[in-house]
Amino acid sequence: MTTHQFSKPQIKGMLAQELPQTPFYFYDENILRALSASFQAAISSDPDIHLHYAMKANSSQAVLKVLKEYGAGLDIVSGEEMKVGLQAGFRPDQIVYSGVGKSEEELRASIENEISVILVESREEFLELCTLAADYPQKKVRIGFRFNPNLNVETHPYIATGLWDHKFGMADEEILSLLALSRPQNLSVECLSIHLGSQIFQDKVFYDALGEVLRLARVIVEKFSLRFPILDVGGGLGVNYEKPFQKPDFESYGKFLKKALLEWKKFNPGLSCKVYSECGRALVSQAGFLVTKVIRVKRNPKKNFAIVDASMTELIRPALYNALHVIEKLSGVQGEGKSAEPSERYDVVGPVCESGDFLAQNIELPVLQKGDLLWVTCAGAYGFAMSNSYNMRPLPAEYLLKKEGSWELLHGPVKVWNKL
Ligand code: LLP
């Protein structure tokens, strides 16, 4: 259906002007807004359902600004993300803090800043927080427990998190044993959370997770007569990378969130219940594009290689997860004789000295030559965010294609080693 499709960004204007140095990322503000608006529509803007956008997916200030406008809070995983989130104007009470390895310094910063919920992922972290809370008698330390139910999810093994093979969360028995311990007066447990992994396409996974948390919550009530107002269902809503212009299925995810809220309210009558979602990718992936130029085309008896100036240092997802990103030749997508062009198969590879340095393998593209421009789609999540400077490559520039069609340079290429 056309309403579930985005229109392709119009970058002709930019191509006609002096083209920025490639490779660079750009984010289409119209698509960013459409994604946030779709999420809000799917939850009928229910004030008891909060998006805590996982800012690890893309922490550009321009992106955060749009998300904030649509009412999002943040899910953070480091002290630096806390700083950047607060600088972007998110209030501490709109931020939840996940992660297995929060340092003492980071825990102190979350207490000092009164971050709304610190999601505890181990017994040791809980005990450390209990000790730290005593140093801040005037502060309220609000925590949640991240539950690991030992449930498998069909996704890439590196982005599954819900098994006891994974470092994340705690088994039910561990959470119960922590609740039996005494806690400082100013530390309160307000939330149960669960996050089974990323790229989830079957609703069943979300409902199974909900069932598991409810089961644990029942045991907690029986044993301790304790109830928590917040249910954090994690993130993970999948993006179909094969169809870069088709919206994620916010409708059925929204139904799930509404159901989760209903169940949580039914289970905790009289409590002011909230459901938090920590989606990251689904809000930003399709708004981002990595633009790259063909350096040269190389052929051997087996393959054609389109050697481009972007690599695994700009976008590591293909190398790390064998992830698929649709790549298009820009003159083609801009409507200039796409169908008439002869095509052939290429491995699209970068200049980095690794055989794993590819952006796509064995894909059909119009016949390429030096200087041709390509874009890599669905690059808005975990793209720039995971870029690095291997081979002394600069981190790429980022641009915003604003809603009225003009371009804003967010920052130029960054030579990290100059700062070493
Ligand atoms: N909440 C927690 C506790 C998480 O660990 C994550 C992602 C999210 C929320 C957001 O998940 P999302 O909605 O974006 O799927 N670099 C990988 C993804 C790693 C995800 C890490 N945690 C990739 O490029 O696919």
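Residues numbered from 1 in each chain as written. Predicted model: local features only at pLDDT ≥ 70, side-chain atom pairs only at ≥ 80, totals over all residues. Heavy atoms only, no water.

> Looking at this structure, how should I read the pairing of strand β1 (residues 24-28)?
Successive side chains on a regular strand alternate, one facing one side of the sheet and the next facing the other. Counting buried residues in β1 gives 5 out of 5 residues, a clear majority hidden from the surface. Alternating positions in β1 separate into two faces, F24, F26 and D28 on one and Y25 and Y27 on the other, with burial throughout. Pairing analysis gives 4 bridges linking β1 to strand β10 (residues 288-299), with the strands arranged antiparallel. Opposite F26, over in β10, you have F289 as the bridge partner. Relative to strand β16 (residues 397-401), β1 is paired through 5 bridges, and the arrangement is parallel. The partner of Y27 across the bridge, within β16, is L400. (Buried < 20%, exposed > 50% of the residue type's maximum accessible area, 1.4 Å probe, protein only. Helix = DSSP H or I, 4+ residues; strand = E, 2+ residues; numbered from the N terminus. Pairing = 2+ DSSP bridges.)

> Would you mind showing me how to read the layout of surface pockets here?
Gaps between atoms show up when a probe of the same size as a water molecule is rolled over them. Taken as a whole, the largest pocket holds about 890 Å³ of empty space. Lining the largest pocket are 47 residues, and of these K56, V77, F168, H195 and Y382 lie nearest its centre. Elements supplying a minimum of two residues to the lining of the largest pocket: α10 (281-284) and α11 (317-321). Partitioning the lining of the largest pocket into residue classes produces 20 nonpolar, 15 polar and 12 charged. A domain split of the lining of the largest pocket shows at least three residues from each of domain 1 (43-283) and domain 2 (287-419). Considering the residues around the second largest pocket, the lining is formed by 23 residues, among which H50, H52, D93, Q94 and Y276 are closest to the centre. It is strand β2 (residues 49-54) that contributes the most residues to the lining of the second largest pocket, 4 residues altogether. Counted by class, the lining of the second largest pocket contains 9 nonpolar, 8 polar and 6 charged residues. (1 Å grid on protein atoms, 1.4 Å probe; cavity = no way out; pocket = protein on both sides within 12 Å on 5 of 7 lines; lining within 4 Å. Points joined across faces, edges and corners; volume = space filled by probe spheres on them. Nonpolar A, V, L, I, M, F, W, Y, C, P; charged D, E, K, R; others polar. Domains from an automatic or database assignment.)

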